[in-house]
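# Summary of the model geometry
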Amino acid sequence: MGKISVRFFARYAELAGCTWSHVNVDTPTTVAAVIARVREVFPGTQAMPATPLAALNQRQVKLDAPVTEGDEVALLPPLSGG
Amino acid sequence: MGKISVRFFARYAELAGCTWSHVNVDTPTTVAAVIARVREVFPGTQAMPATPLAALNQRQVKLDAPVTEGDEVALLPPLSGG
Amino acid sequence: MHLTRDPLDVGDLLAEVQSPERGGTCVFLGTVRNDAGVTSIDYSAYESMAVEEIERILAEARERWPRSRVMLQHRLGVIPVGEASIAIAAAAPHRDEAFAACRYAIEEVKKRLPVWKKELRGDGSEQWVEAHDHR
Amino acid sequence: MHLTRDPLDVGDLLAEVQSPERGGTCVFLGTVRNDAGVTSIDYSAYESMAVEEIERILAEARERWPRSRVMLQHRLGVIPVGEASIAIAAAAPHRDEAFAACRYAIEEVKKRLPVWKKELRGDGSEQWVEAHDHR
């Protein structure tokens, strides 16, 4: 089992009731698997879209991106900066 | 004969030795005819190109534009504003 | 420095990008609009990633327009209608490069910056903005 | 007001074009470059025609982008390297219109404004600029 940092922003932080946490998953794994675990641990996040935007270690990635212990996965609502 | 105001700018003013004058020409006439008369009255302006940029009453015009008494013809070096 | 909670100052950005060999400068300002009862917008960000993303965008602009210099500041927190949330300044020897680099920066910001808006309305209601706007 | 012998002030132009419904603002500044020993440029104009031409250009921009507001100031006289000879500000509800209106104004200025430059060099020499530059 590996520990993965998880961060929630904007509306997703409201859904999770949390901005920064971690989940334990079998590593190596993928962003998609981390998100599946997140939906179990934070049931409010089941309201996120099926394939939310995600960042791995501060870069946007596809959901099949590989994740190892100590990585940071962030769940990003649709971007609206500027 | 009609009196036409003539204005010279930038390098053309240096060639004419003058910034504001007038010429007398048979009117109605054209900008080209005014310029031909200018070349006689201000010999330095013979160094202007054969077909200089010209404005008639503060708008750029072609050299065949009609000119009548009281009009203002301006001779404009290549524009370089901005 | 790329992210601030203070009002943005165009003069500061200009001072950072202009120089005697750069004759053209293009600035973009995005300001909070009074859409449908909006009185202010609360901007939040994934701050550490946003800073890195801004630096990546500026580096890309410099790679594409090597003689240009681009700076960008995004304001966070509650911003009232009429005040700027983003300011970009791009200077270059010629205006084509300045316009292109400035435009590139704002388009990439809209696509990539992990920043979110919550609209605050005069009636006390709040709403997350979850679609790209076209400002 | 469109022509001045004083340093240009971007803040003044911004104040004239921005409003709560205009969320995007694009500014262009043209500044004197230190080309080949140039220390300053003496700008002169057919002033009455230049004012009319600027008003025509601004009216055209408003016709093409009706929700935009564009202002333009051209400085005349001797302008040292690094200082602005022209400033244009265009604000609109969305950034596409702001960029387009600002770009339109500077391109038309370059084509149509009866303004001339004499470059002044450090060695005391002077030279009329008689080709379009591409700044």
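Worth saying up front: this structure is predicted, and the values here are computed from it rather than measured. (Residues numbered from 1 in each chain as written. Chains lettered and ligands numbered in written order. Predicted model: local features only at pLDDT ≥ 70, side-chain atom pairs only at ≥ 80, totals over all residues. Heavy atoms only, no water.)

Counting residues at the interface gives 18 residues for chain B, matched by 25 residues for chain D. The contact between chain B and chain D buries some 1900 Å² in all, and 53% of this surface belongs to carbon and sulfur atoms. Together, Q58(B), L79(B) and G82(B) form the three largest contributors to the area buried by chain B at its contact with chain D, with a combined 36%. For the interface between chain B and chain D, the tally reads two salt bridges. As a salt-bridge pair, E14(B) and K118(D) come within 2.8 Å of each other at their nearest N and O atoms. Listing elements by their share of the side of chain B that touches chain D, those giving two or more residues are helix 1 (10–16), strand 5 (59–61) and strand 7 (72–76) of chain B. Class assignment for the residues of the side of chain B that touches chain D results in eight nonpolar, five polar and five charged. (Contact = heavy atoms within 4.5 Å. Buried area = accessible area lost by both parts, 1.4 Å probe. Salt bridge = Lys/Arg side-chain N within 4 Å of Asp/Glu carboxyl O. Helix = DSSP H or I, 4+ residues; strand = E, 2+ residues; numbered from the N terminus. Nonpolar A, V, L, I, M, F, W, Y, C, P; charged D, E, K, R; others polar.)

Counting residues in each nonpolar core, the largest one holds 64 residues, and the members touching the most others are I88(C) and I88(D). Residues contacting I88(C), with those up to four places away along its chain left out, are L13(C), C26(C), V27(C), F28(C), V70(C), M71(C), L72(C), C102(C), A105(C) and I106(C). A84(C), L29(D), M71(D) and A89(D) belong to the second-largest nonpolar core, a separate cluster that totals 24 residues. (Core = buried A, V, L, I, M, F, W, Y, C linked by side-chain atoms within 4.5 Å. Buried < 20%, exposed > 50% of the residue type's maximum accessible area, 1.4 Å probe, protein only.)

All right, on to the interface of chain D and chain C then. Taken residue by residue, the interface counts 32 residues in chain D and 32 residues in chain C. For the chain D and chain C pair, buried surface summed over both sides reaches about 2700 Å², with 51% attributable to carbon and sulfur atoms. Sorting the residues of chain D by area buried against chain C places R95(D), F99(D) and R103(D) first, and these three jointly supply 26% of that buried surface. At the surface where chain D touches chain C, the tally comes to four salt bridges. Between D96(C) and R103(D) there is a salt bridge; the shortest N-O distance is 2.2 Å. The tally of links between chain D and chain C comes to 17 residue pairs in polar contact (both at pLDDT 80 or more). When residues of the side of chain D that touches chain C are traced back to their parent elements, those giving at least two are helix 1 (10–17), strand 2 (24–31) and helix 3 (95–112) of chain D. Within the side of chain D that touches chain C, the residues separate by chemical class into 13 nonpolar, nine polar and ten charged. Two elements, strand 2 (residues 24–31) of chain C and strand 2 of chain D, share seven bridges in a ladder whose sense is antiparallel. Within strand 2 of chain D, the residue paired with T25(C) across the bridge is L29(D). (Polar contact = N/O pair within 3.5 Å; in protein donor to acceptor, adjacent residues only side chain to side chain. Pairing = 2+ DSSP bridges.)

With that out of the way, let us pick up the packing of helix 3 (residues 95–112) of chain C against helix 3 of chain D. For the pair helix 3 of chain C and helix 3 of chain D, interaxial distance at closest approach is 12 Å and the crossing angle is 180°. With respect to their mutual orientation, helix 3 of chain C and helix 3 of chain D come out roughly antiparallel. Where helix 3 of chain C abuts helix 3 of chain D, its residues R95(C), D96(C), F99(C), C102(C), R103(C), I106(C), E107(C) and K110(C) lie against R95(D), D96(D), F99(D), C102(D), R103(D), I106(D), E107(D) and K110(D). Looking at the contact of helix 3 of chain C with helix 3 of chain D residue by residue, the classes come out as six nonpolar, no polar and ten charged. (Axes fitted to C-alpha atoms, helices over the stretch in contact; angles between N-to-C directions. Parallel < 35°, antiparallel > 145°, perpendicular 65-115°, else oblique.)

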